[in-house]
Structures are given as C-alpha cells and as structure tokens.
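# Coordinates in review
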Number of protein chains: 2
Amino acid sequence: MYTVLAGGVGAARFLRGLLEVVPAREVVAIVNVGDDLTRFGLRICPDLDSITYWLAGVVHPEQQWGRAEESHVVASELERFGHEPWFTLGDRDLATHLHRTSRMGEGAPLSTVTGEVTDAFGLDLRLLPATDDAVETRITTSDGRDLHFQEYWVRERGRPEVTSVQLAGAGSARPAPGVVEALIDAEAVLVAPSNPVVSIGTILEVPGIRAALHTTPVPVVGVSPIVGGTVVRGMAHRLLPAIDTEVSARGVAEHYREWLDGWVIDNVDAAQHADVEALGLSCAVTDTMMDDVEVAAELARTCLYLARSMR
Amino acid sequence: MYTVLAGGVGAARFLRGLLEVVPAREVVAIVNVGDDLTRFGLRICPDLDSITYWLAGVVHPEQQWGRAEESHVVASELERFGHEPWFTLGDRDLATHLHRTSRMGEGAPLSTVTGEVTDAFGLDLRLLPATDDAVETRITTSDGRDLHFQEYWVRERGRPEVTSVQLAGAGSARPAPGVVEALIDAEAVLVAPSNPVVSIGTILEVPGIRAALHTTPVPVVGVSPIVGGTVVRGMAHRLLPAIDTEVSARGVAEHYREWLDGWVIDNVDAAQHADVEALGLSCAVTDTMMDDVEVAAELARTCLYLARSMR
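The structure displayed is predicted, hence computed values, not measured ones. (Residues numbered from 1 in each chain as written. Chains lettered and ligands numbered in written order. Predicted model: local features only at pLDDT ≥ 70, side-chain atom pairs only at ≥ 80, totals over all residues. Heavy atoms only, no water.)

### Some words on the packing of aromatic side chains
Residue and element names in this part refer to chain A. Short version of the rule: Pairing of aromatic rings covers Phe, Tyr and Trp, the last counted by its six-membered ring, and requires centre-to-centre distances within 6.5 Å; plane angles under 30 degrees mean stacked, over 60 mean edge-to-face, and any other angle means tilted. By the criteria applied, helices consist of DSSP H or I runs no shorter than four residues and strands consist of E runs no shorter than two, each listed in order from the N terminus. For every residue, the accessible area (1.4 Å probe, protein chains only) is compared with the maximum for its type, and the residue is labelled buried under 20%, exposed over 50%, or partly exposed between those bounds.
On inspection of all chains with the given rule, the structure shows 12 aromatic pairs over all chains. When the ring of Phe149 is compared with that of Tyr152, the centres are 6.3 Å apart and the planes differ by 55°; the resulting orientation is tilted. Here Phe149 pairs with Tyr152, and both are found in helix α6 (residues 149-155), just 3 residues apart, close to one helical turn. Of the two residues, Phe149 and Tyr152, neither departs from the other in class, the shared state being buried.

### A short note on the pattern of salt bridges
Put simply, the test is: A carboxyl oxygen of Asp or Glu within 4 Å of a side-chain nitrogen of Lys or Arg is what we treat as a salt bridge.
This model, assessed by the stated rule, comprises 38 salt bridges over all chains. The closest approach of N and O atoms between Arg301 of chain A and Glu298 of chain A, which form a salt bridge, is 2.8 Å. In this pair, Arg301 of chain A and Glu298 of chain A both sit in helix α13 (residues 293-309), 3 residues apart, roughly one turn of the helix. Arg155 of chain B is the partner of Glu156 of chain B in a salt bridge, and the nearest nitrogen-oxygen pair spans 3.2 Å. Under the relative-accessibility criterion, Arg155 of chain B is labelled partly exposed at 27%. Three or more residues joined by partner-sharing salt bridges are found here, namely Asp143, Arg145, Glu151, Arg155 and Glu156 of chain A.

### Side note on the sheet that holds strand β9 (residues 188-191) of chain A
Residue and element names in this part refer to chain A. We count it as follows: By this definition, two strands are paired if DSSP reports at least two bridges between them. Axis geometry follows a simple rule: fit a line to the C-alpha atoms, using only the stretch in contact for helices, then measure angles between N-to-C directions, giving values from 0 to 180 degrees. Contact between two residues is taken to exist if any of their heavy atoms lie within 4.5 Å; hydrogens are not considered.
Ordered by their spatial adjacency, 7 strands build an open sheet running β5-β2-β1-β9-β10-β13-β14, and the pairing between neighbours is parallel. Where the open sheet ends on each side, the last strands, each with one partner, are β5 (126-129) and β14 (282-286). Direction aside, neighbouring strands of the sheet carry axes that sit 20° apart on average. Pairing of strand β2 (residues 27-31) with β5 involves 4 bridges; the strand directions are parallel. Paired with Ala29 across the strands is Leu127, a residue of β5. Packing against the sheet, helix α1 (residues 9-18) makes contact with β1 (2-6), β2, β9 and β10 (220-223), and its axis sits at approximately 165° to β1.

### Quick notes on the interface of chain B and chain A
How big an interface is tends to be expressed through the accessible area that disappears when the partners come together. Worth spelling out the cut-off: For any pair of parts, buried area is found by adding up, for both, the accessible area (1.4 Å probe) each one loses once the two are put together. A 3.5 Å cut-off defines polar contacts: any pair of N or O atoms within that distance qualifies, except that in protein one atom must be a possible hydrogen donor and the other a possible acceptor, and neighbouring residues in sequence count only when both atoms are side-chain atoms.
In this assembly, 23 residues from chain B lie in contact with 23 residues from chain A. Across the chain B to chain A interface the summed buried area is about 2300 Å²; carbon plus sulfur atoms make up 71%. Its largest share of buried area at the contact with chain A, chain B owes to Arg80, Phe81 and Leu98 of chain B, together 26% of the area lost on that side. Where chain B packs against chain A, one counts 4 salt bridges. Where Arg67 of chain B meets Glu77 of chain A, a salt bridge forms, and the shortest distance between an N and an O atom there is 2.7 Å. Run the count over chain B and chain A and you get 6 residue pairs in polar contact (both at pLDDT 80 or more).

### Considerations on the side chain of Asp49 of chain B
Residue and element names in this part refer to chain B. Within the secondary structure, Asp49 is located in helix α2 (residues 46-56). The class for Asp49 is buried, based on a relative accessible area of 4%. Contacts of Asp49, omitting those with residues within four sequence positions, involve Asp93, Thr96, His97 and Arg100.

### Describing a negative patch on the surface
Quick reminder of the rule: Put simply, a patch holds well-exposed residues, over 30% relative accessible area, that have no salt bridge, with like charges counted together within 9 Å and Val, Leu, Ile, Met, Phe, Trp or Tyr side chains within 5 Å. What sets the accessible areas is the Shrake-Rupley method with a 1.4 Å probe; for residues, cover comes only from the shown protein chains. Counted as positive: Lys and Arg. Counted as negative: Asp and Glu. His and the chain ends are not counted at all. Note on charges: their place is set at NZ of Lys, CZ of Arg, CG of Asp or CD of Glu.
Judged by side-chain charge, Glu20, Asp287, Asp292 and Glu294 of chain A come together as a negatively charged surface patch. The exposure class assigned to Asp292 of chain A is partly exposed, which follows from its relative accessible area of 34%.

### Re the domain arrangement of chain A
All names here are of chain A. To keep it simple, the criterion reads: In this entry, domain limits derive from an automatic or database-based domain assignment.
Annotation of chain A at the domain level lists domain 1 (2-129) and domain 2 (172-309). For domain 1 versus domain 2, the separation of C-alpha centres amounts to 22 Å. At the interface, 30 residues of domain 1 touch 36 residues of domain 2. With both chains or domains summed, domain 1 and domain 2 bury close to 2500 Å², and 68% of this area falls on carbon and sulfur atoms. Its largest share of buried area at the contact with domain 2, domain 1 owes to Tyr2, Leu5 and Phe14, together 30% of the area lost on that side. If you look at where domain 1 meets domain 2, you find 1 salt bridge.

### Some words on helix α1 (residues 9-18) of chain B
All names here are of chain B. Counting buried positions along α1 gives 9 out of 10 residues, so the element sits mostly inside the fold. Every buried residue of α1 is listed here: Val9, Gly10, Ala11, Ala12, Arg13, Phe14, Leu15, Gly17 and Leu18. Buried residues along α1 sit against β1 (2-6), β2 (27-31), α2, β9 (188-191), β10 (220-223) and α13 (293-309).

### Examining the packing of α1 of chain A against helix α2 (residues 46-55) of chain A
Residue and element names in this part refer to chain A. Our working rule: By the definition used in this description, the sense in which the near helix is turned from the far one sets the handedness, with an anticlockwise turn below a right angle giving left-handed and a clockwise turn giving right-handed. When residue character is reported, Ala, Val, Leu, Ile, Met, Phe, Trp, Tyr, Cys and Pro are called nonpolar, Asp, Glu, Lys and Arg charged, and the others, Gly included, polar.
Relative orientation of the contacting elements α1 and α2 amounts to 35°, with a least axis distance of 8 Å. The way α1 lies across α2 gives a crossing that is right-handed. Contacts between α1 and α2 involve Val9, Ala11, Ala12, Arg13, Leu15 and Arg16 from the former and Ser50, Ile51, Trp54 and Leu55 from the latter. Among the residues forming the contact of α1 with α2, the class breakdown is 7 nonpolar, 1 polar and 2 charged.

### Section: the relation of the copies chain B and chain A
Condition: We place the copies in one frame by least squares, fitting the C-alpha atoms of every residue whose pLDDT is at least 70 in both.
Of the two same-sequence chains, chain B is brought onto chain A (RMSD 0.0 Å, axial shift 0.0 Å) by a rotation of 180°. Accordingly, the operation relating the two chain copies is best matched by a two-fold axis. When you check the interface residues of chain B against chain A, 100% turn up at the interface there too, and the contact is symmetric in its surfaces.

### Digging into the side chain of Asp269 of chain A
Residue and element names in this part refer to chain A. Structurally, the position occupied by Asp269 is in the loop between β13 (262-266) and α12 (273-278). Among buried charged residues, Asp269 stands out as having no salt bridge; its nearest opposite-charge side chain is Arg250, 11 Å away. Looking at Asp269, its side chain comes within polar contact range of the main-chain nitrogen of Gly228, at 3.0 Å. Contacts of Asp269, omitting those with residues within four sequence positions, involve Ile226, Val227, Gly228, Gly229 and Ala249.

Quick look at the structure:
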C-alpha cells in the first residue's frame, strides 16, 4: 500500500503519475475535506471530486476541476432566484453532489459515499476523506472577517490578506476509518505537492493524523509545492506567511520536518538541496512540473526511490 | 379575492382560464402538498411547480408538467450511481428544487419560498401550500403495501389497486398562513377539477380547512373532474372507489355536498343536472374540456356566474 496525503488538482496530477508506477489497488489517498461546503443543501467536496474526475479522465481540461463537456443549465436557472452564482455548479458535477447528499442524508458516512463515487467512475484506488466528521477551513482576514475557505478563494478570488487559518470542528473530529492504518501500514507515505496550509495542514489538524505521521515506521516523502519561490497553482504563497513559513521549497520542508523523512524539490531549486539536507531530511531533485503524465510518473518514481533508500 | 382549491395540471389549466377573467392579484390558489417528496435531499412540490410553470408559460407542452426546453444532464449522470430514475428531474426544474431546499434549510417556511418562486417566474397570483407542515399522501395497496403517492403513481404507474389513502402527518398540521382567511374572506371559493381524493381530499385533511369550508359565508363552487364517467387525466377513477364514491360528476358532488354550494358539470353529463340539484346544489352545465384557454376562461366565467347567483 502506498498512501498519499492529498489536496485537489496538484494531488490529482501527482496521483495520476503514481498510478503509472504502482497498481491502483495499492494506492490510498487521504484527502483534505476542509474545503467542503454545502450549497443549496448539497454537500460538495471539491478535493475528492477533483481527484476523482482527473483520475477517471473526465476532468474539464482547461479548468482542471469540474467535469469535461459540462453544461450549466441548472446554474443559469438558479440566477432567476437571485442567487449569487459565485460557486460554479455544473450539471454533471451536480449529479455527484446529489448522490452524495442523498446517501449522507440516509446516514452513510462520507468515506462510504466516496467509495461509491470512485466505484461509479471506475477507479481502483481508494480515496479516504481525512475525516467523516464535520470540519471546515475558516480563513481570518486582515480586515477581521471570518470566511469559509471557498468564500475566501472562490467568491473573493483569494484577494483578502490572510492572518490565520483554522480547521473548525477539528477538536471533535476523528480520522475516517482506514486513515491511521493507511499511514502506519504503508510501504511509504507520500505527500502530494498540495497546499501546506489549507490542504496538507488541514488534514494534519484532524486529531490522530499528525500523531500517526510522527509514529509511523514507514518513510514519509513529500514533493515541494513551491517551485522557484512561488506556487505552481493556488495560493500557498499567500498563506504560508500566515503560518510563519518561508515561501520556498526549503521553507515548506522545515515546516514539515518533524514528521518528514524525504523531500523532492524541482530542478530550479537545486541550490536548496544542501539546505534541505541540513534539516535532517533526504532530498532529491527532479522535474516536478507535471505538465504531462510522463513527468508525473517520473516524479512518483523519484519519490518511491527516495522512500526505499531510507527503509 | 377569488380562492381556488387546487391540485396539479387540471388546476393549472383552470387557473389559466380564471386569470383571463379576474385580475391575477385577486386570485389565491390553495395547493395540495401531499404529493411533495424528497429526492436526493431536494424538496420537490409537483403541484405547486406544475401550476407555476403552466401559468408562467414555461411548462413542457407535451408532458403538461415540468419545464419546456428541458434537458436531463443531471438525471443521466445520476444513472452512473445506480439510482432508479423513476422520478424525472429535469435540469431547469432542479433549479427550483435547489432554491426551495436551500431556503427551507435556512428555516423559511414552504409558503414563503413558494412566494419567492412565483415572484421569480413573474406571477401575480398567490399560491399557498395547504400547509407548511410535513404531510405526505400515503397509499395502501390491496397487496398490503404502504407507498408514497409518487411511488404509487410515478414509479408503479398507478397500477396497484388502492384500498385506502391517508395524509400522514395531518394530525399535527396547520393550514399555511393566509389559507383560512382566503376561504372566509373571498368573493367565492372555487374547487378546481382536481383529484377528489389525492388533491382536494388531501387539502381538506389539513385540520381547519374543511371546517373553514363548512363555515365560510361565501359560495363554494366546484368543477367536476369526472366527465362522461371517467377522468380527464390522472387516476381519480381508480381512487374514488377506495373512498366509496361513485365515479361520476354526481358522485363527486355527493362526496363534496356537505360544504359545496354549486357544481359545474360537462355537457356530456347534462343528464345528471337534476341529480346534482337533488343533492341541494346549484348546477351549471358547460364545456369543461379545457383544451385551450378560451374554454378555460369560459368555464371560469360559468363558475363565477354560478357563485354570484347564490350570494
């Protein structure tokens, strides 16, 4: 079993590469659910869905999230009712939310429903939400507002300055069934190049997950989401200062160092190799820009090689 | 104010005629909600929506329910998840359900949300759900099953033999705000040619509504849903035996007689005129087949004329 800590699109691209290298049935992704939200009574899980659509080959090719060949009949009708259309709901995508909401309304936990969704899309890997419990990433802005992550990122386009990030509900949340086992019993734990604050950070906030990373006997190897001093996509460069972390491959490694064993950085950051090793981590340098599946597969191989070198 | 007791399509066609004759702002329709159901967590109100779509001119012209120019992207995607597609959910129609579910989730009563929906469709008449409380029409079949009305009618295509009909939840339901006033303070109360059992009957099951019809000082005039010994559409002919009511214009008048003052029957049933008057009711005979708006308008005029003749 290969276990991956995963956010959304960056993780999806990384997983697509990993699936070229190891059998899908041996891959477990522990996925951030802090971004999840309820709109119109529907439970929406952007990271779980982005990964599912990517790996099923049905992701929208330009957006890199949502469904390909998507239509927006429902969303355009909703405007009649005066709803702010800030969160895009495509028609095909809506079906996933309807299934999920319906099943959760019957009492099925998110982890069970997630298995149904990946089955419906013909995927053999296992996606596990970090928790089945209600958590949500709250963003405090410098003008004193408390926003849901999606209000900050989608509605306000990530413009407000962020002073802190909290996973609300984390106090009483437990890891979803299988999560801790997947961290303890794996061949290796890999950390996708996802946002260290609002993807990986929020996974670690679920009590028991950080502790499992500390105590796991298997190597933990991550891929830097920071390349050349900035993000490949997303807003990690704007959130890292809120957690006093330097926006660099080395800075994120330092932030992760207590539970991290190996760190894979991009060729453009090769000069930081020694700095990373000085943190007590093994370091590999390769191409991390996963523009095609071959680069992603090679990156996954590098991660596994680094992990195996530490066993 | 002209108040109409209303089911779905038959009532919509009748209301369309009435709106040709009196100003829309003076029309209140009290609408059956026993057919309402929850699918995928969405609250669906078939009678309220059929009337809304009809009167807004956006109803599907062949189906006579649902939206014109409808697509079914969401529904076809839902099949991926193995859902029985027995209850059609069109994309445009879904937007109404999403708005309603969202607002009710915020605590808005159905009557408030119904006003928002009719506003969104530019309607000036007032639609009132019979009740804001949770009720549902349950059908007991001769093979001993207890079905939601939609399971009986849509999923099982009305095939099972029905032994009884109950409005579950009626015991603790109250009329929606404005319903009793609309029955007491109107110029006339009109009963649309809707199903006497599962449309008009379920409205009357809400405590206080039947009593208001008994005590209202204004004339109550209905249109027979039975023409030539059968229904114009729907399944009233199969349900009337379950309430020991003859499937005829006269039979329904007899069933309603305790609170009814006038009864409008179709030309083909002209021979029953004396039988209806023998029940102590005023009776008018006209064309009740509302194939176009002119016939519907003339039918409405006949109802109002009959009502005025009794004041």
